[in-house]
Amino acid sequence: MNVPMVDLRAQYLRIQAEIDAATARVVASTHFIGGEECRLFEQEFAAFCGAGHAVGVANGTDALTIALRAYGVGPGDEVVTVANTFIATGEAILLNGARPVFVDVDEASFTMDPGALEGAITPRTKLILPVHLYGHPANMEAILAVAAHHRLPVLEDAAQAHAAEVSGRRAGSLGHAACFSFYPGKNLGAYGDAGAITTNDAEFAARVRQIANHGGGTTKYDNVVVGTNSRLDALQAAVLRAKLPHLERWTAERLERALAYTRLLEGTAGLVLPREQAWGRSAWHLYTLRATNREGLQAHLTARGIATAVHYPRPIHLQPAMAAAGGKTGDLPVSERLSREVIQIPLYPELPLESLERIAQEIRAFCGAR
Ligand SMILES: Cc1ncc(COP(=O)(O)O)c(C=O)c1O
């Protein structure tokens, strides 16, 4: 039996009629860019997040890059973020000519350590950019308190956290604005690249929309600022609209599987299991174990047809692409240790419970438990 990390075909088969109808509708309309599907998806996704506005863009990396630009982040500015994330978080800062200042993470949640924030803020700090990693929200209340003290906006990198919550409020409505990716394997995934920015600030939403569509003004050939082409296309919007009504159920199915793993793996030697922290509800994008012998465990599971992943083998302050930020080994001990220990095992709404039980059994067998 082979178990993949995600099974997008199984998801498609569950909602095939809805997806097929949505894509056929767009093809028949020949309205491929912008238009009704995009407008309605933006409305529906904003409502889902509890945000006043959503602006669809081409992907999550653009969402971050454009949002930072809309804040006026540029050369000479610093953005405080984490290194325990996908490279795009750092890229978006450098692409705007600013400098990422990396703080360490809290090892229980894998997210920004609010205690490390205060020491990282300087007069050049323009913004704080926490990441809701693996679906677990960052400790937003603590982060927002530090941000308010310094009058800094907080931009959420919510690329992995559709439907995650803090105190009953969803990711996308926790900071001043938030960036989402709808990469196919995300909890809400398109059939290609797609992304969005959510915010309650109408003026900010308008600025983002303008940058994402060639700096447009009120008419088509009225270009007010230098923008870019980062539009959400209608086929992706239609697929996302078909999937959005299922997201709550899929998130519940992820939670059910995460709890099952935890029940079956509790007490296994050589493993630390992921836990929801008091401040938030995880969207369980990934089930992340910490393993004393990660490479051995990975080889054991691979040999038995069970897929695994390592997000991320190198914290981004140590990536050559981030050299301009001046990071070096030893700067972020928790992030660096986690990058040597973390391993993800299959977790998706359609994962059969028998497969999950077998995966847990193989992990326990490897760790010497019975
Ligand atoms: C935390 C994080 N930020 C940003 C991105 C970038 O999103 P995209 O791949 O849609 O550009 C991703 C996606 O992989 C991500 O996981």
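Look up: the structure comes first, before these words.
Notes on the structure in this doc start here.

Rules used in this analysis
Residues numbered from 1 in each chain as written. Predicted model: local features only at pLDDT ≥ 70, side-chain atom pairs only at ≥ 80, totals over all residues. Heavy atoms only, no water. Axes fitted to C-alpha atoms, helices over the stretch in contact; angles between N-to-C directions. Helix = DSSP H or I, 4+ residues; strand = E, 2+ residues; numbered from the N terminus. Parallel < 35°, antiparallel > 145°, perpendicular 65-115°, else oblique. Left-handed = near helix turned anticlockwise from the far one by under 90°. Contact = heavy atoms within 4.5 Å. Nonpolar A, V, L, I, M, F, W, Y, C, P; charged D, E, K, R; others polar. Near = heavy atom within 4 Å. Polar contact = N/O pair within 3.5 Å; in protein donor to acceptor, adjacent residues only side chain to side chain. Areas by Shrake-Rupley, 256 points an atom, 1.4 Å probe, with all protein chains shown as cover. Salt bridge = Lys/Arg side-chain N within 4 Å of Asp/Glu carboxyl O. Buried < 20%, exposed > 50% of the residue type's maximum accessible area, 1.4 Å probe, protein only. Pairing = 2+ DSSP bridges. Right-handed = clockwise from strand over helix to strand, strands pointing away. Phe/Tyr/Trp six-rings, centres within 6.5 Å; stacked < 30°, edge-to-face > 60°. Arc of directions from axis to C-beta.

This part covers the packing of helix α11 (residues 294–303) against helix α13 (residues 353–366). Two numbers describe how α11 lies on α13: the axes approach to 10 Å, and their chain directions differ by 135°. The angle between α11 and α13 places the two elements in the oblique class. The crossing of α11 and α13 is right-handed. Residues Gly296, Leu297, His300 and Leu301 of α11 pack against Glu362, Ile363 and Phe366 of α13. When grouped by side-chain class, the residues that make up the contact of α11 with α13 number 4 nonpolar, 2 polar and 1 charged.

Once that is clear, we can look at the site of the ligand. Near the ligand you find 15 residues, and of these Gly60, Thr61, Asp157, Ser181 and Lys186 are the closest. Between the ligand and Gly60, the relevant distance is 2.8 Å, taken from an oxygen atom to a main-chain nitrogen or oxygen of the residue. At 2.9 Å from an oxygen atom of the ligand is found a side-chain nitrogen or oxygen belonging to Gln160. In isolation the ligand has 390 Å² of accessible area, and contact with the protein removes 92% of it.

This part takes up the pattern of salt bridges. As enumerated under the stated definition, the model contains 23 salt bridges in all. Where Glu42 meets Arg209, a salt bridge forms, and the shortest distance between an N and an O atom there is 3.0 Å. You can see Glu42 sitting in helix α3 (residues 36–49) and its partner Arg209 sitting in helix α8 (residues 202–212), a full 167 residues away along the chain. Owing to a relative accessible area of 40%, Arg209 belongs among the partly exposed residues under this scheme.

Attention shifts here to the pairing of strand β2 (residues 78–82). Of all the 5 residues making up β2, 5 are buried; the element is thus mostly covered by neighbouring parts of the structure. What you see with β2 is no split at all: Glu78, Val80 and Val82 on one side and Val79 and Thr81 on the other are buried throughout. As paired elements, β2 and strand β3 (residues 99–103) share 5 bridges and run parallel to each other. In the strand pairing of β3, Val79 is matched with Pro100. As for the winding sense of the linkage, the β-α-β connection from β2 through helix α5 (residues 87–95) to β3 is right-handed.

Let us now look at the packing of aromatic side chains. On inspection of all chains with the given rule, the structure shows 10 aromatic pairs. Consider the rings of Phe45 and Phe48, whose centres lie 6.5 Å apart with planes at 10°: the pair is stacked. A residue pair is termed a helical-turn pair when its members lie 3 or 4 positions apart in one helix, as Phe45 and Phe48 do in helix α3 at 3 residues. Judged by its relative accessible area of 12%, Phe48 is buried. Aromatic side chains Tyr261 and Tyr287 sit 4.9 Å apart centroid to centroid with 40° between the ring planes, which places their arrangement in the tilted category. Here Tyr287 lies in strand β14 (residues 287–291) and Tyr261 lies in helix α10 (residues 247–265), a separation of 26 residues in the sequence. As far as the burial class goes, Tyr261 and Tyr287 line up, both buried. Taken together, the ring pairs connect Phe41, Phe45, Phe48, Phe180 and Phe182 into an aromatic cluster.

Turning our eyes to something else, we now look at the sheet that holds strand β12 (residues 271–272). Taken in spatial order, the 3 strands line up as β12-β14-β15 in an open sheet, and their pairing is antiparallel. Among the strands making up the open sheet, the edge pair consists of β12 and β15 (342–345). When β12 meets β14, the two strands line up antiparallel, connected through 2 bridges. Bridge pairing in β14 places Val272 opposite Arg290. Running over the sheet, helix α12 (residues 333–341) touches β14 and β15 and is turned about 95° from β14.

The antiparallel open sheet is built from 3 strands, whose spatial order is β9-β8-β13. Edge positions in the open sheet fall to β9 (169–170) and β13 (280–281), since each of these has one partner strand only. Two elements, strand β8 (residues 165–166) and β9, share 2 bridges in a ladder whose sense is antiparallel. If you follow Glu165 over to β9, its bridge partner there is Arg170.

Our focus in this paragraph is α11. Those residues of α11 that sit buried are Arg294, Gly296, Leu297, His300 and Leu301. The buried residues of α11 occupy an angular sector of 165° when projected down its axis, which confines them to one face. Away from its buried face by more than 90 degrees, α11 exposes Thr302 and Ala303. Contact partners of the buried residues in α11: β12, β14, α12, β15 and α13. Backbone geometry just downstream of α11 places Gly305 in the positive-phi region, at approximately 80°.

Of all 11 residues in helix α4 (residues 60–70), 8 are buried; the element is thus mostly enclosed. Among all positions in α4, only Gly60, Ala63, Leu64, Thr65, Ile66, Ala67, Leu68 and Ala70 are buried. Of the residues that open α4, the one with a side-chain oxygen 3.0 Å from the backbone nitrogen of Thr61 is Asn59. Of the residues one or two after α4, Gly72 is the one with positive phi, at around 80°.

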